[in-house]
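# A structural walkthrough
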Amino acid sequence: MGTRREVPTTVAFARVHQLEQLFIVAMLLATLAVVVASHYVSNFITRPLLQLTWAAEKVSAGDLDTQIHHTRRPDEVGRLAVSFARMRHAIREKIQLIQQQNQTLEANISTIKAQNQELQLANTLKDEFLATTSHELRTPLHGMMGIADAMIDGANGPISRDHQYQLSIIVNSGQRLAKLVDDLLDYHKMRYGQLELEQYPVDINAITQLVLSLAKHLKKDKPLEIINQLTDSPVWVYADPQRLEQVMYNLLGNAIKFTDAGKIVISADTIDDRIRVQVVDTGKGIPAEQLSRVFEPLAQAVSGHYHYQHGAGLGLSISRQLIELMGGQLYVSSQPHVGTTFSFTLDKAPQTPSLAAERLQPAPVPEQTNILDVNALSPIHDETSAPSPSPQAENGLHILVVDDEPTNQQILTCFLHIEGYQVSTASDGRTAIERVIAMPPDLVLLDVLMPGMSGFEVCEQLRAHFDHATLPIIMLTALNQPDDRVYGFKVGANDYLSKPFDKRELAARIATHLTASQAEQRRQENQRLEQALEQSAQQQASLLETQSWLISQLSLAPEPMLGISVMAKFDSLMSPQPPCLSVIKRRLNVCMATHS
């Protein structure tokens with residue numbers, strides 16, 4: 001049996017302990033290597049990303065000069081860095097472009113501010129100039145109108161009816177200009193808040209009666225019926241009497257101007273504690289697209305190009321501002337070809353006005369007012385109304401004057417009579433066309449800016465019936481732009497003369513066109529005569545051939561005396577003015593019967 005030897009445990013497990021220590025060291029070394037490797041890998045991947053993140057934060061803060069690393073790496077991080085660098089470059093360019101545009105915009109804003117200041121200064125100077133000029137115009141206007149009124153009243157002795165008519169035109173023209181001056185002054189005062197009102201209880205019925213009396217001359221010869229539906233009892237409102245009268249006159253005058261025939265109705269009713277006044281007409285109406293502009297300064301409602309209405313376009317604008325200053329409102333409603341309604345509201349006043357208000361009530365208008373009716377003195381719209389034509393004008397050439405302004409008609413009529421022409425007039429395009437077609441004149445003087453139908457349209461329609469030689473047309477108008485002239489010649493005008501014109505130039509142009517028209521008519525007549533002579537020569541040649549044939553036939557006859565008789569009869573056919581062919585044939589038949 002073998003012997004058993006005992007070994008201490010420390011010796012027996014010494015090898016195991018060595019292996020354990022070796023394993024622990026190996027594990028520690030492996031862990032350290034993993035940690036080092038992971039740290040290196042982490043730095044290799046995350047550091048560039050962190051750097052790009054920091055660069056992005058700086059760029060977002062406005063630092064576009066930050067350096068971007070790792071743009072040369074071939075992996076995804078390198079491509080991300082390149083894309084980020086391109087984005088930074090694009091942002092830099094956009095920001096630089098925006099800065100340049102901002103600089104340009106700031107420069108433009110500075111220029112616009114300077115121009116606005118210049119425009120405001122120019123506008124102020126313009127308004128001051130208009131106000132000063134308007135004030136300066138009042139004195140000579142009133143002097144001119146006063147002298148003309150005095151002469152009409154016979155201050156320097158009796159004058160003829162023609163002279164009264166001429167002076168009445170001066171007065172009416174002065175009144176129109178004075179109203180325009182007053183409108184300009186009112187517009188200037190309201191624009192700068194300088195218009196002062198004195199409001200008291202006012203009887204609007206009395207104001208309406210006054211305005212109706214003052215506006216009688218505006219109707220002229222229009223078939224208009226003006227109906228006042230206000231009751232006889234007073235209707236009291238808080239207003240400035242003078243300004244309320246101005247508003248009523250503007251609204252009524254506007255209704256008369258745009259209504260050729262029909263009715264104009266003035267009425268008033270009560271709405272709560274306010275009085276509403278309405279002026280309703282049956283005129284042509286206002287297009288819907290222009291309703292929003294009727295209260296704008298210098299605006300007028302028209303239906304097309306070159307359709308003109310008198311006035312500066314300030315009346316409605318001033319009326320609306322006056323009503324608003326008096327605490328009311330002015331409205332408009334309209335339907336084309338049906339009519340227009342203007343209505344305004346004012347605060348109702350107590351039934352018993354104060355004594356101060358009574359003093360401001362309008363005084364009754366006498367029957368004989370200083371407003372002269374031109375048509376009452378001489379109805380210029382009638383062709384026979386021209387004042388005393390000269391004896392040579394009764395046998396002169398006929399000229400038709402087409403103008404809606406009676407003053408222009410009278411001036412041209414007097415001037416043309418002195419030049420020796422017969423003159424008739426027309427106040428609108430349709431009347432002119434009817435008169436020309438019924439009795440064509442030798443020449444037409446045609447205005448362009450007329451209500452209803454413009455001169456261009458009239459000329460175009462006349463050219464459908466008459467050529468340039470048969471009916472010369474000279475346009476007389478205030479439109480002096482090249483496009484207007486070109487369009488005038490395009491629609492068929494022979495000549496175009498801008499107002500104001502020199503009378504000697506007009507006389508020379510009229511004489512030139514009449515001479516050219518007569519020469520062209522003589523040329524056409526000569527051409528017709530030449531054609532008639534040519535036809536006559538052809539007939540004579542045909543007759544000569546017939547004569548030769550008859551002579552050849554009669555020379556073969558047994559009785560030469562009969563041939564002589566036949567020749568004598570046939571020679572009678574060859575007179576300087578040969579008869580018609582039927583007579584020739586009849587005579588030849590007689591000759592042949594006699595010969596047989």
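These lines cover the structure that appears in this document, whether it is placed above or below.

Calculation rules
- Within each chain, residues carry numbers counting from 1 in the order of the written sequence.
- Since the coordinates come from a predicted model, pLDDT governs what is reported: local features require at least 70, and pairs of side-chain atoms require 80 or more to be given and counted, while whole-chain, interface and lining totals use all residues.
- Remark: hydrogens and water are excluded; side-chain values derive from all non-hydrogen atoms of the structure.
- We count a stretch as a helix when DSSP gives it H or I for four or more residues in a row; a strand needs E for two or more, and each element gets its number in order from the N terminus.
- We call two residues in contact when some of their heavy atoms are within 4.5 Å.
- Residue-level accessible areas treat just the shown protein chains as cover; the underlying method is Shrake-Rupley with a 1.4 Å probe.
- Remark: nonpolar core denotes a set of buried residues (Ala, Val, Leu, Ile, Met, Phe, Trp, Tyr, Cys) joined through side-chain atoms within 4.5 Å.
- Note on classification: 1.4 Å probe, protein chains only; a residue is buried when its accessible area is under 20% of the maximum for its type, exposed when over 50%, partly exposed between these limits.
- Each pair of strands is called paired provided DSSP finds at least two bridges between the two strands.
- Here an axis means a line fitted to C-alpha atoms, over the contact stretch when the element is a helix, while the angle between two N-to-C directions is reported on a 0 to 180 degree scale.

## Considerations on the overall build of the protein
From N to C terminus, the protein includes 17 helices and twelve strands. Summarising the internal contacts of the protein: among those between residues at least 6 apart in sequence, 70% fall at separations of at least 24. As displayed, the protein has an accessible area near 36,000 Å², and 57% of this comes from carbon and sulfur atoms.

## Focus: the nonpolar core
Counting 42 residues, the largest nonpolar core has Ile204, Leu244, Met248, Leu251, Leu252, Phe344 and Leu346 as its most contacted members. Secondary-structure elements contributing two or more residues to this core are α4 (161–191), α5 (204–214), β3 (236–239), α7 (241–257), β4 (262–271), β5 (274–281), α8 (315–325) and β7 (339–347). The element that contributes the greatest number of residues to this core is α7, accounting for eight residues. Among the nonpolar cores identified, the runner-up in size contains 22 residues, and Leu446, Val448, Met475 and Ala493 belong to it.

## A few points about the sheet that holds strand β6 (residues 329–335)
On the basis of which strands lie adjacent, the open sheet formed by five strands has the order β2-β4-β5-β7-β6 and mixed pairing. Lying at the two open borders of the sheet, with one neighbouring strand each, are β2 (224–228) and β6. If you compare each strand with its neighbour and ignore which way they point, the axes differ by 15 degrees on average. Note that β4 and β5 share eight bridges and pair antiparallel. From the neighbouring strand, Ile264 faces β5, where its bridge partner is Asp281. The strands that α7 touches are β2, β4, β5, β6 and β7; relative to β7, the one it contacts most, it runs at about 170 degrees.

## Section: unusual backbone geometry
Trans is the prevailing form of peptide bonds, just as negative phi is the prevailing case for residues other than glycine. A positive phi angle is found at Asp272, which is not glycine, with a value near 55 degrees. Along the chain, Asp272 turns up in the loop between β4 and β5. On the accessibility criterion, Asp272 (70% relative accessible area) is exposed. Even without a glycine there, the phi angle at His337 is positive, about 65 degrees.

## A closer look at the pairing of strand β8 (residues 398–402)
Most of β8 sits out of view: five of its five residues are buried. Of the two faces of β8, the one holding His398, Leu400 and Val402 and the one holding Ile399 and Val401 are both buried throughout. By the bridge criterion, five bridges tie β8 to strand β9 (residues 422–426) in an arrangement that is parallel. Paired with His398 across the strands is Gln422, a residue of β9.

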